[in-house]
Structures are given as structure tokens and as C-alpha cells.
Amino acid sequence: MITEFLITAGEQPKRLDVFLVGRERDTSRSALQRLIELGRIRVNDQAVKPSHKIKPGDRITMDVPKPEPLAIKGEAIPLEVMFEDESLLVLNKPPGIVVHPAPGNWSGTLVNALLHHFQTSGGTISTIGGKERPGLVHRLDKETSGVMVITKTDTAHRALAAQFKLHTITRVYEALVWGVPKKGRGVIDLAIGRDSKDRKKFSSRTTSPKDSVTEYVVTRRYGKMAAHVLLYPQTGRTHQLRVHLTSLGHPILGDRTYGGNKVMALADIEIPRVMLHARTLGFAHPTAATREEFTRPFPADMERVVHAFEQLIAPGDQMPAGAMPVGTADEEPC
């Protein structure tokens, strides 16, 4: 559904997203900003930023599918709960589940599972994220597995969001990557943003770069074929780990978006999904005077890939895991 606006002579200059909020009252400013960043909203047929200043004579086009009625319902989807109290819930997210409802995924999401969990347990869930993202202070990609924290109260949400912003959250990821990095450890410092040519991807080829830093440690190699890497993101940009490892020349196995077909199978071993796992999450409890840390080793599908590699590679070509540092990371609140 395409909507057009022609800016008249009497309109005062203002940001594009601010102008649209006054015209599209059923759509939040954050949702409009996402549509602008995706190129679904343009000015004079040009992709622009949400901060773009409109002026008389500009023609704004919105190519947005008509939204489906949204009534998020709880669904009996199993959850692996690692910890729960009156303020928060920590879970191990399985791969293949979308975190929150969005066009094309109105059901079967982690949020649907959480709503059912709290409806049956009698618990609450924070509302700051809005009706589409209740309880979410951070998120993982659909194919990424691992530890997530869900806030049950708005007080807990604000406290944890502040920790993410101040970079005091401990986060450790692990990945299986294509090839073996030359250096056993290092820091990738590469500003990234939405790709200027492919709006579905992120890269250093962008008009709005944001500082992005990731520390990595190679803990095991499988000949020259692949490696197991621990990742310590110091910033929390969208697709940061995937983009940074690709920039290093070693995209994550199973990540067709950034690695192409070459990362989808190695030596006839099929890679079932993006081989990325959020291993460790640590934070100050929002109400108790304690520091909490939760860890889950990577799941069975990654274990099976590793086992297949080990069967192909001689023991001498496998570098054992060494001492592993503990890093800190942050992610922008949802």
C-alpha cells in the first residue's frame, strides 16, 4: 500500500520522522524510523535518514504493507528457564525462533511463549518495550541460540537497560567460522551501519557508521577448514559479530547473508544454521545486591558439526582451547 505526502509551502522544516508521527498516528515513531531505515519511506524517491529535514515541495512516499490486526496471544511453546524471580527471567533461547512478532511472524515467537508462561504462572512482564516487545531489554537473531534475560517489571527493565548502555553487561559468544584467523586473538574495530546498497545488510559501507568493537579469541582449529572462536563484543550493533568476522575474512558458518554459499557446507558436512551462540550473560541484579552470571555451552546442532569436523581432522591439526579472558559487552536496548 503506497501513501504519498506533498509538503506544502506552509509546512515548517522538521525531521522526517517527526513530520510522519503527526500524520500516521497509529504508527509509533520508532516503527516509522525502522521503515525509513529500510528504505520503505523515501523523499523525492531517495533513501534518507529519519533525521532528514523536509522542506516545501518535497514528495514523501510510503510503501508499507497494510498491517495485520495485532493481538499477541500466549502460545504453549517450551522454554528452557535457567533462573526466575519476581524481577526477571533468564532463559536459553533455542535456534530458529524469532524473538518478537513482526510482519511475517505474528505467532510462534519467543514473546508468544513468554506470554503463555506468565499467564500460566501468574507472573508479570515489563511493558516498556510496548505490546510487541514486552519484557525485551535485548534480543538475539532468529538463528542465534543462547542466554537471554527477560524483565518482569518496568523497574527491572530500566535498571538493566542502563547497564547495557553503560557497557557493564558481561557477554561472551562462541562461533564456528570459515577458515582459521591468522592471529590467535585480536580486536576488530570497524564502524558499521545499514549498508548503503543492500538495506537488509549491515557493513562499513554505510552513510551512518557507528563505532563497533569486538574482541576475539581462537580456541580451537580444525585444520585449515574451520575454527571455534570466542567473541567479546564491546558494543552491541545489529549483526555486529557477523559483519566483523566477515571483515576478518572468516564469516560464521551457516551465515549465507554474509558468507555466501561457501559457508553452508564444508567437506560434505551440512551447516544447519548460523553457528553463533550467546554463551554467557552477566549483570548486576536489578533489585538484589548481587552480581549474576549465566552460562550455557553451545547446543546439540553445533556440537554435531564440531564432532563431524573432529572425525575429519587429525588430532595434531586441532589446536586445544587455552586460557580464555572474560570480556564485557553491551547491546542497545530494544
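Residues numbered from 1 in each chain as written. Predicted model: local features only at pLDDT ≥ 70, side-chain atom pairs only at ≥ 80, totals over all residues. Heavy atoms only, no water.

Looking only at helices and strands, the chain features seven helices and 17 strands. Taking 334 residues into account, the globule formula puts the C-alpha radius of gyration at 20 Å, and the chain, at 22 Å, falls close to it. In terms of overall dimensions, the chain has a C-alpha envelope of 75 × 45 × 35 Å along the principal axes. For the chain, the proportion of its 334 residues judged to be buried stands at 47%. Within the chain, residue pairs in contact and separated by at least 24 positions form 67% of the contacts whose partners lie at least 6 positions apart. Taken as a whole, the chain presents about 16,400 Å² of accessible surface, with 52% of it coming from carbon and sulfur. (Helix = DSSP H or I, 4+ residues; strand = E, 2+ residues; numbered from the N terminus. Rg over C-alpha atoms; globule rule 2.2 N^0.38 Å. Buried < 20%, exposed > 50% of the residue type's maximum accessible area, 1.4 Å probe, protein only. Contact = heavy atoms within 4.5 Å. Areas by Shrake-Rupley, 256 points an atom, 1.4 Å probe, with all protein chains shown as cover.)

Take the confidence of the model for the chain next. Considering every residue of the chain, the mean pLDDT works out to 88; 90% of them sit at 70 or more. Per-residue pLDDT, averaged within each element of the chain, yields its smallest value for strand E1 (residues 2-6) (85) and its largest for strand E16 (residues 276-284) (98). Contacts of residues 321-334 to residues separated by more than four positions or lying in other chains number 52 contacts, the stretch itself having pLDDT below 50. (pLDDT = per-residue confidence, 0-100.)

Moving on to the packing of aromatic side chains. For the structure shown, the criterion picks out four aromatic pairs. With a centroid separation of 5.5 Å and 45° between ring planes, the pair formed by Tyr 222 and Phe 309 is classed as tilted. With Tyr 222 in strand E12 (residues 213-222) and Phe 309 in helix H7 (residues 300-312), this pair connects stretches of sequence that are 87 residues apart. The same class applies to Tyr 222 and to Phe 309, which are both buried. Among the aromatic residues, those joined into a ring-pair cluster are Phe 83, Phe 283 and Phe 294. The aromatic ring of Trp 178 is capped on one face by Lys 262, whose charged end is 4.0 Å from the ring centroid. (Phe/Tyr/Trp six-rings, centres within 6.5 Å; stacked < 30°, edge-to-face > 60°. Lys NZ or Arg CZ within 6 Å of the ring centre and 35° of its normal.)

Right, let's talk about unusual backbone geometry for a bit. Glycine aside, the phi torsion of most residues is negative, and most peptide linkages are trans. In this model, His 167 sits at a positive phi of 65°, which is unusual for a non-glycine residue. On the secondary structure map, His 167 appears in the loop between helix H4 (154-165) and strand E8 (170-178). Judged by relative accessible area, which is 41%, His 167 ranks as partly exposed.

End to end, H4 covers 16 Å across twelve residues, agreeing with the expected 16 Å (1.5 Å per residue, within 8%). Taken residue by residue, H4 has Ala 156, His 157, Leu 160, Ala 161, Gln 163 and Phe 164 as its buried positions. All buried residues of H4 lie within an arc of 155° about the axis, which places them on one face of the element. Those residues of H4 that are exposed and aimed more than 90 degrees away from the buried face are Thr 155, Arg 158 and Lys 165. Residues of H4 that are buried in the fold lie against strand E6 (88-93), strand E7 (145-151), E8, E16 and strand E17 (291-295). One or two steps after H4, the chain reaches His 167, where phi turns positive at roughly 65°. (Expected span 1.5 Å × (residues − 1). Arc of directions from axis to C-beta.)

The next thing to look at is the environment of Pro 286. Among the structural elements, Pro 286 can be located in the loop between E16 and E17. In the structure, Pro 286 is positioned 149 residues away from Val 137 in sequence and 13 Å away in space, judged by C-alpha atoms. Those residues in contact with Pro 286 that sit more than four places away from it in its chain are Ser 87, Leu 88, Ala 156 and Ala 159.

A separate point is the sheet that holds strand E3 (residues 46-47). Spatially, E1-E4-E2-E3 is the arrangement adopted by the four strands of the open sheet, whose pairing is antiparallel. Of all the strands in the sheet, the pair left with one neighbour each is E1 and E3. Pairing of E1 with strand E4 (residues 59-63) involves five bridges; the strand directions are antiparallel. By the bridge assignment, Glu 4 is partnered in E4 with Thr 61. (Pairing = 2+ DSSP bridges.)

Further remarks concern the nonpolar core. Within the largest apolar cluster, 46 residues are counted, with the highest numbers of intra-cluster contacts made by Leu 231, Leu 253 and Phe 309. Take this core: its biggest share by element is five residues, from helix H3 (residues 110-121). Ignoring anything within four residues of it in the chain, the contact list for Phe 309 reads Tyr 222, Met 225, Ala 226, Leu 253, Leu 266, Ile 269 and Ile 271. Judged by nonpolar contacts, the second largest core, of 15 residues, contains Leu 32, Leu 35, Val 48 and Ile 60. (Core = buried A, V, L, I, M, F, W, Y, C linked by side-chain atoms within 4.5 Å.)

Turning next to helix H1 (residues 16-23). Buried within H1 we find Leu 16, Asp 17, Phe 19 and Leu 20. Taken down its axis, H1 places every buried residue within 155° of arc, on the same side. Of the surrounding secondary structure, the elements contacted by the buried residues of H1 are E1, helix H2 (29-37), strand E2 (41-43) and E4.

Mapped onto the elements, Thr 151 comes out in strand E7. On the basis of relative accessibility, which here comes to 0%, the residue Thr 151 falls in the buried class. At 3.2 Å, the side chain of Thr 151 forms a polar contact with the side chain of His 157. Non-local contacts of Thr 151, meaning those with residues more than four positions away in its chain, are made with Ser 87, Leu 88, Ile 125, Ser 126, Gly 135, Ala 156, His 157 and Leu 160. (Polar contact = N/O pair within 3.5 Å; in protein donor to acceptor, adjacent residues only side chain to side chain.)

Attention now goes to the pairing of E4. In regular strands, side chains alternate between the two faces of the sheet. Note that E2 and E4 share three bridges and pair antiparallel. Across the sheet, Arg 42 pairs through a bridge with Thr 61, a residue of E4.

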